[in-house]
Amino acid sequence: MDYGLTDEVRNLRGRMRRFIDEEVIPQEAELLDREGDGRAVLEDLKRSAKAQNLWALGHPEEIGGGGLAFMPFVYLNEIIGRSEFGQLAVGSVSMQDSIMLHLYASPQQRERWLKPLVAGDIYPSVGLTEPEVAGSDPTLMQTTARLEGDEWVISGHKWFTSGANRAAFTTVFCKTDPEAPRHLQFSSVIVPTDTPGYEIVRVIPVMGGQHGSHCEVQLNDVRVPHDNLLGPRGKGFVIAQQRLGPGRIFHCMRWLGQAQRAFELMCLRANSRFAHGSLLAEKGEIQRYVAESAAQIQACRLMTLDAASVMDGGDEARVEISLIKFYGAQMLHDVIDRAIQVHGALGLTADTPLERMYRDARGGRMYDGPDEVHRMVVARRLLKDCRNAPWAF
Ligand SMILES: Cc1cc2nc3c(=O)[nH]c(=O)nc-3n(C[C@H](O)[C@H](O)[C@H](O)COP(=O)(O)OP(=O)(O)OC[C@H]3O[C@@H](n4cnc5c(N)ncnc54)[C@H](O)[C@@H]3O)c2cc1C
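Small disclaimer: the values here were computed from a predicted structure and weren't measured. (Residues numbered from 1 in each chain as written. Predicted model: local features only at pLDDT ≥ 70, side-chain atom pairs only at ≥ 80, totals over all residues. Heavy atoms only, no water.)

> Give a description of the site of the ligand that names residues and reports values.
Near the ligand there are 19 residues, and of these Thr129, Gly135, Ser136, Phe160 and Ser162 occur at the shortest range. With respect to the ligand, the side chain of Thr129 contributes an N or O atom lying 2.6 Å from a nitrogen atom. At a separation of 2.7 Å, an oxygen atom of the ligand approaches a polar backbone atom of Gly135. When the free accessible area of the ligand is taken as 980 Å², the share hidden by the protein chains comes to 67%. Mapped by element, the contributors of at least two residues to the shell around the ligand are strand E1 (124–127), strand E3 (151–162) and helix H12 (371–388). Considering each element in turn, the shell around the ligand owes the most residues, three residues, to H12. In terms of residue class, the shell around the ligand is made up of 10 nonpolar, seven polar and two charged. (Near = heavy atom within 4 Å. Polar contact = N/O pair within 3.5 Å; in protein donor to acceptor, adjacent residues only side chain to side chain. Areas by Shrake-Rupley, 256 points an atom, 1.4 Å probe, with all protein chains shown as cover. Helix = DSSP H or I, 4+ residues; strand = E, 2+ residues; numbered from the N terminus. Nonpolar A, V, L, I, M, F, W, Y, C, P; charged D, E, K, R; others polar.)

> Quick rundown of helix H11 (residues 354–362)? Include the residues and the values.
Residues of H11 that are buried: Leu354, Glu355, Arg356, Met357, Asp360 and Ala361. Residues of H11 that are buried sit in contact with helix H2 (28–31), helix H8 (236–272) and helix H10 (318–343). (Buried < 20%, exposed > 50% of the residue type's maximum accessible area, 1.4 Å probe, protein only. Contact = heavy atoms within 4.5 Å.)

> Account for the nonpolar core, naming residues and giving values.
Buried together is how nonpolar side chains tend to be arranged in soluble globular proteins. Counting residues in each nonpolar core, the largest one holds 85 residues, and the members touching the most others are Met16, Phe19, Leu101 and Ile249. Looking at this core, the element that brings in the most residues is H8, giving 15 residues. With residues up to four places along the chain from it excluded, the contact list for Phe19 reads Val24, Leu45, Ser48, Ala49, Gln52, Leu54, Ala89 and Val90. Formed by 15 residues, the second largest nonpolar core is a distinct cluster that contains Trp152, Cys174, Val191 and Leu229. (Core = buried A, V, L, I, M, F, W, Y, C linked by side-chain atoms within 4.5 Å.)

> For the side chain of Asp97, give the residues involved together with the corresponding values.
Residue placement: Asp97 occurs in helix H6 (residues 95–104). Residues contacting Asp97, with those up to four places away along its chain left out, are Leu117, Pro124, Val126 and Arg243.

> Can you tell me about H12, naming the residues and giving the values?
Counted at 1.5 Å a residue, the expected span for H12 with its 18 residues is 26 Å, and the 26 Å between its end C-alpha atoms agrees. Residues of H12 that are buried include every one of Asp371, His374 and Val378, and no others. Projected onto a plane normal to the axis of H12, the buried residues spread over an arc of 85° and lie on a single side. In H12, those exposed residues whose orientation departs by more than 90 degrees from the buried face are Glu372, Arg380, Leu383, Arg387 and Asn388. In this fold, the buried residues of H12 make contact with H8 and H10. (Expected span 1.5 Å × (residues − 1). Arc of directions from axis to C-beta.)

> An account of the packing of aromatic side chains is requested, with residue identities and associated values reported.
For the structure on display, the rule yields six aromatic pairs. Between Trp113 and Phe169 the ring centres are 4.8 Å apart and the planes differ by 50°, which places this aromatic pair in the tilted class. You can see Trp113 sitting in helix H7 (residues 107–119) and its partner Phe169 sitting in strand E4 (residues 169–175), a full 56 residues away along the chain. Judged on exposure class, the residue Trp113 and its partner Phe169 are both buried. (Phe/Tyr/Trp six-rings, centres within 6.5 Å; stacked < 30°, edge-to-face > 60°.)

> Describe the environment of Met311, listing the residues and the values that go with them.
Note on placement: Met311 falls in helix H9 (residues 284–312). Met311 sits in the buried class, given a relative accessible area of 11%. C-alpha separation for the pair Met311 and Ala145, spaced 166 residues apart in sequence, amounts to 33 Å. When residues no more than four places from it in sequence are discounted, the contact partners of Met311 are Phe70, Gly245, Pro246, Ile249, Glu316, Ala317 and Ile321.

Structure, rendered in C-alpha cells:
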C-alpha cells in the first residue's frame, strides 16, 4: 500500500505541528472559556493560521481551500486533532458541510453560505436528529416542510443540532413528500438561524463537548424561500450521506491526534514516575499498556488511510468508514483510559488534559451513528458478499 506521505505533506505536517503545539495547545485554558476571553484568543489563532497558510487546507480548491485529498489530509488532521481546538483554529471544523454545499448548493447559496463558511466568517449547523424518534433510523424523522406559494413552511423539533447557537444557518432535513417511497420522502432546506419561528430552546448540557455546543431547536412554521432547498427535492438521504461519510472520516483522523497526545503523556509519565523500586516504564503491566496503545493507534491509522484512499478513488467507502468509526472510537477511549491510569490520581484532575479528553471521547461512540449501527453496516455487507460470491470472499 502506498501510504502517500510526500515531502510536501511532510513539510506541511511539520509546520502544522509547530502551530498546534506552540500556539494552540498553550492557549487551551483560555479557549475553554468560549463565552469570554476564549473568543478573542480563537480569532487571533485563526488570523495566525491564515498568515502561515495553514487555513482550510482540506476544503476544495475551487471554493478557496487548500484542495488536499483525503489521504494527505489524514496526516494533517491527525496533527490538527492533537488539540480539540485545532480544527476551529485552522478552519477545518466544517469541512463536511462545505463538501455537501460544494456538491449541491446553487450559485446564490454558494455565494451566501459556502464562501463565508470556508473563510471562517460563519459557522454551519445540521438538523437531522429529533428527540421523539430514533436518530439512528432517519426514515423516522417527523419534521415537515410544505410548499406555500414560493415558500417552504417548516415545522418540527430537532436536538443535538451542534453549534446552532453560533451558526448562521441550519441545514434542516425534513419530510417534503410523504406520499413518495420511503427513501424519497425527505429533502434538505437551508434555514438561516435568525428566521422568525426558529427557536433555540436550550443548549443541552452534554458530557464532554467543551469545544462545542449542542442545541435543542423548535421550528414553528418557519418560512424560507423555495430557493433555500439544497439539492434536488426528495434526495435528502443521499445528501445527508454525502455529508456524513466525509464527516466520519474527519472524526477518525482527529481521534488519531487525540490518542497520540494521550499516548505521549502516558509514556512521559511512565518514564518519570518511580514506585516499588523502579520507574513505571519498567513494569510489565505498564509496558503492556504502551504496546497495546501503540498497536491500536497504528491499526486505526492504517484503517483510516485505507478508507481515505478508497474515497480518493471516488468510492463512498461505506464499509471502510463504518469499520474505523466504531473501531476508532473504542481505540480513543482505551488509549486515554490507560493514560489516565498511568497518571494515577493526577489523571483524574484537570491538571492534565486527559480527564476532559476522556469525557469528550465518549460521544464518539454515539455521534454520526452509534457503534451498533456501524457494526451492522459492516456485517450486513460482508455477509451479503459471502452469500453472493463466496469464492471471492
Ligand atoms: C456530541 C454529539 C453531537 C451530535 N451532533 C449532531 C448534529 O450536529 N446534528 C444532528 O442531527 N445530530 C447530532 N447528534 C445526534 C447523533 O447523530 C445521534 O445521537 C445518533 O445518530 C443516535 O441517535 P439517537 O441518539 O436518537 O439514538 P437511538 O437511535 O435512539 O439509538 C439508541 C441506541 O440504540 C441502539 N441501536 C440503535 N440502532 C440499533 C441497531 N440497528 N442495532 C442495535 N442497536 C441499535 C444503540 O445502542 C444506540 O445507541 C449528535 C450527538 C452527539 C452525542
